[in-house]
Structure formats: C-alpha cells, structure tokens
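Residues per chain, in single letters:
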Amino acid sequence: MIFFYQIFIQLFSFLVKVASLFNRKARLFVSGRKNVFWKLNAALSSSLVPRPPSLVWFHCSSLGEFEQARSLIDRIKNQESRIKILITFFSPSGYEIRKNYEGADFIFYLPIDTKSNARRFLDMVNPSQVFFVKYDFWYNYLHELKERNIPAYLVSANFRQEQFIGMYGKYLRKVLSFFNHIFVQNDFSQKLLSEQKILNVSVSGDLRYDRVSQTVSTVKKNQMVEMFKGDNKVVVCGSTWEKDEEIVSSIKYQASLPNTYYPILKLIIAPHEINEARIQSTIKQFSNKTILRFSEISKEPVSTALDKLKDAKVLIIDNIGMLSSLYQYADIAYIGGGFGSGIHNILEAVAFGAPVIFGPNHHKFPEAKEIIEQGGGFSIVDTNDFQKVMNLFLSDEKILMMASMVCKNFVMQRKGAVERIISALHLEN
C-alpha cells in the first residue's frame, strides 16, 4: 500500500506541473513551492534568534481549515511570547489569501509529500509540536514525525463510516496511528475510531464555533455598510452562485400586508467568485433595482456616498475578506452553494444571530441539520419556498427575533473546543 502511495505522490507532482501550463490554480501551486526550502531557511535564519526556541507547526489544507484553527493558533501564540508559529498550506486558495496573516511568524506552502522533502523540511524546522487541522493526512510527513518522537495532533477531525472501507480505509488507519492524540468534533467520530482500534481520541468539539465567536467579539464596524443599512432590514447573501441569485432576486423590497409587520428590505450580495464576468452576471440579475458596487462607492467621499447608499436597494461586495464581518448587519442571511456541490459556511451568520436560508444540498453538514431542527435555519428548493420563508420572517417581527435568539444560543452552547484542547495538552505535557 505504501509503495503505491510513493508512486502516486511522484505521479501527482508530475501531473500538477503539466496542469500548471494551462490552469491558474495549478500554476500557483507549482510556483509557490519553487525554492521553498531556500525561502524557509532564509526566514528561519533571519528571525530574532538563530532558530526559534519553540516552534509550533500548523498544517492546513486550505482556507477553511485555517479559519477553523485560527482561535487555537492565537491561543497558543499568546500563551507564551517565545513561541514561534509556522503555518503551511497545501492549497493556493489558503496560502494566497492568508500569506500575510499577522498571527504567524512563518507561512509557506507545504512541499510535496516525498520522503526526501519530509526529512529535509523537519531537519530545517524541527518543531516542538505539530497540529494537522481536520484532515490532509500526508504519510511521509506523519511517519517522519513519529520516527523523531515529535508530538503530532489532529484537531477538529470528523469521520464518516465510508472512509474506512477498502484501500483508503487501510491507509487512513495507518496514518491516524502516527498521531499522539486525535481531537474529534463529536461522539460519533470517537465511536467510529474506537471500532477501528484507535483509542487515543478525545471529543473536543468543533473549532469553528470558537472561531465565529471570536469574530463576533472582535468585529469592526464598516461605515459604508452602516449607511447602506440605515433603519432598514438587510438580507446578507453570502458566497452566492447564479442559481442562488436567481432565487434571491425574486425578493419583495417593499410590501404591505394587512395588520402585519413588513419592513423595507435591502440586499447585500457577496458572490462566491468575484471575477469581473461573475460580478457583471450578478449585476444583470438585479438590473431592475438600484445597485451599488462596494469597490466603487467606497472610493467616494462620505458626503457624496451617503445619498447613493440610502437610495440603493442592492450592495454588491466585489472583494474577498469582508463577508464574515458583514453578517453583523444581517437581519436574515442567505447562504449560497445549496444548489451546487454544497452550502458554504453558515456558522459565520448564525453567530451574529442571523437566521439562515439555504438550498437543498446541505446533508454533508451536520450543523445545517441541527439549526433547521432548532428553528434557526430553513432549507428551500425553489423560489416559492424562499418567498414563504421570507413572508414568515417579515410578517411578524417576534418570529424573526425568536429565530435570531436560537442562532445565538446555538453557537454559544457549542464553543469551547480551544479550551478543551489546551487543557488536554497541558495534562499530556
């Protein structure tokens, strides 16, 4: 099995170089790893000491895994000033967005998982502790860590029964044996690992709840968005695709129902992709409404922008990085992706107390099922469903307030994974 894995890694390395000739993401994957050892050595050598006295290495597959681990990274960094933090990414979508993250001392692409790369990397870095976030199980790195007796931990892990079937199941059992301890999100994952004779496991919870709670407590205001919202109700539509926008564009911006509460509505649309063609497609979808692009209105003086923001019904966010903070202005949130491969992150909105609406493809996300059961989330299959949910929320403000309270409590009751992991590590050390 491991023999075939080594062949696969070599083949993968070759194929991604071929793909880099015509694919931008593959090109970033290859170019980001060019001279990575030279760059890493230079960065370590130029730090305040010849080598960090205690370096903790976090590996994240991509951006989502980094955001999960961010609260834990901050906690470890802040508890001891001498600790240095190294973060590695497998995917360009993580590295390119977070390569300037101030909470880490060193941020690099992870070199391809060959035996020689793993040995060279660990010779150079020599970490005191290593954390892999959720998944991305690289055999040579984990095996080498085990051989060197360097403590390695898997955090915020979540497993499914089908993962332990066939050849991959054998591989997974092998790489999981290299970890000193595995912190899983739920009891089911612990039970599943126990059935596989993997017993060094604790249920710590999901780090995402700590992260979104941290976002709520540290969020900064945005003057332009505040002026856009005014006294109106706002629906923040996050990580949307064309089908999502087709549904959301049917929204009624102002209506009056006899003897009911029905406010004026505004929309903030943050498309999942922000290339110009995609933004123009979004604009076209809402062409019968007064639309502003954030990139354009934010360049204007406040006095000039004020009237435009008051009159606009739709604000399109054409940049990366704002979405999580925008949910502070959401009375209701629509989360995209549910008519495609799967919904995007609902917890950022839920943490701010925004009831969430999303498409039918949410079954791989246990938090979606739970929030639906508790009354803070609603799954829709078409425009008619969307209108029904919106009418429910906007015909009676008490219903909206109750759903908002459900969402806030949902996150509050589930945070604490960081403290549970830190406590366990102290006991182990």
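Above this text is the structure in question.
The shown structure was predicted, so the numbers you read here are calculated from the model rather than taken from an experiment.

The rules we used
- Residues numbered from 1 in each chain as written.
- Predicted model: local features only at pLDDT ≥ 70, side-chain atom pairs only at ≥ 80, totals over all residues.
- Heavy atoms only, no water.
- Core = buried A, V, L, I, M, F, W, Y, C linked by side-chain atoms within 4.5 Å.
- Buried < 20%, exposed > 50% of the residue type's maximum accessible area, 1.4 Å probe, protein only.
- Contact = heavy atoms within 4.5 Å.
- Pairing = 2+ DSSP bridges.
- Helix = DSSP H or I, 4+ residues; strand = E, 2+ residues; numbered from the N terminus.
- Axes fitted to C-alpha atoms, helices over the stretch in contact; angles between N-to-C directions.
- Phe/Tyr/Trp six-rings, centres within 6.5 Å; stacked < 30°, edge-to-face > 60°.
- Lys NZ or Arg CZ within 6 Å of the ring centre and 35° of its normal.
- Right-handed = clockwise from strand over helix to strand, strands pointing away.

Chemist: Whenever I open this one, the nonpolar core confuses me. Can you help?
Modeler: Taken as a class, soluble globular proteins show a tendency for nonpolar side chains to be buried jointly. Counting residues in hydrophobic clusters, the biggest one holds 50 residues, and the most contacted among them are Trp57, Phe159, Leu176 and Ile182. If we ignore the near neighbours within four places in the chain, the residues touching Phe159 are Phe137, Leu154, Phe164, Leu172, Leu176, Val184, Phe188, Ser189, Leu192 and Leu193.

Chemist: When you look at the sheet that holds strand S4 (residues 129-133) in this model, what are you seeing that I'm missing?
Modeler: Strand pairing within a sheet occurs via backbone hydrogen bonds; the two strands may be parallel or antiparallel. With respect to topology, seven strands assemble into an open sheet ordered S3-S2-S1-S4-S5-S6-S7, the strand pairing being parallel. Each edge of the open sheet is held by one strand with a lone partner, namely strand S3 (106-109) and strand S7 (201-203). Sheet twist, expressed as the mean angle between neighbouring strand axes with direction ignored, is 20°. The sheet contact formed by strand S6 (residues 181-184) and S7 spans three bridges and is parallel. Bridging across to S7, Phe183 finds its partner in Ser202. Of the strands in this sheet, strand S5 (152-157), S6 and S7 are in contact with helix H9 (residues 187-195), which crosses S7 at around 165°.

Chemist: Is there a simple way to think about the sheet that holds strand S9 (residues 265-271) in this case?
Modeler: Overall, parallel pairing links the seven strands, which are arranged S10-S11-S9-S8-S12-S13-S14 in an open sheet. A strand with exactly one partner marks an edge of an open sheet, and here the two such strands are strand S10 (291-293) and strand S14 (377-379). In this sheet, neighbouring strand axes are inclined to one another by 20° on average, regardless of whether the strands run parallel or antiparallel. One ladder, built from three bridges, connects strand S13 (residues 356-358) with S14; its direction is parallel. When the bridges of S14 are listed, Phe358 appears paired with Ser379. Helix H13 (residues 276-285) rests against strand S8 (233-240), S9, S10 and strand S11 (314-316) of the sheet, and its axis sits at about 160° to S10.

Chemist: Where do I start with the packing of aromatic side chains in this structure?
Modeler: Each aromatic ring pair is characterised by the separation of its centres together with the angle its planes make. All told, the structure shown has 24 aromatic pairs when counted by the stated rule. Aromatic pair Tyr168 and Tyr171: ring centres 6.1 Å apart, planes at 40°, arrangement tilted. Of the two residues, Tyr168 and Tyr171 both sit in helix H8 (residues 166-176), three residues apart, roughly one turn of that helix. Look at Tyr171 and you get buried, because its relative accessible area is 10%. Ring-pair connections join several aromatic residues into one group, and the members of that group are Trp57, Phe121, Phe132, Phe137, Tyr141 and Phe179. For the cation-ring pair, Arg33 lies above Phe29, with the distance from its terminal atom to the ring centre recorded as 3.7 Å. Just above the ring of Phe410 sits the side chain of Arg414; from NZ or CZ to the centre is 3.8 Å.

Chemist: I keep staring at the pairing of S4 and nothing clicks. Help me out?
Modeler: Along any regular strand, the residues point their side chains to alternate faces of the sheet. The buried fraction of S4 amounts to five of the five residues, a majority that puts the element mostly inside the structure. Alternating positions in S4 separate into two faces, Gln129, Phe131 and Val133 on one and Val130 and Phe132 on the other, with burial throughout. By the bridge criterion, four bridges tie strand S1 (residues 54-60) to S4 in an arrangement that is parallel. Following the sheet pairing, Phe58 is matched in S4 by Phe131. Examined bridge by bridge, S4 and S5 share four bridges and lie parallel to one another. Residue pairing in the sheet places Val130 in a bridge with Ala152 of S5. The β-α-β motif built from S4, the intervening helix H7 (residues 139-147) and the parallel element S5 has right-handed crossover chirality.

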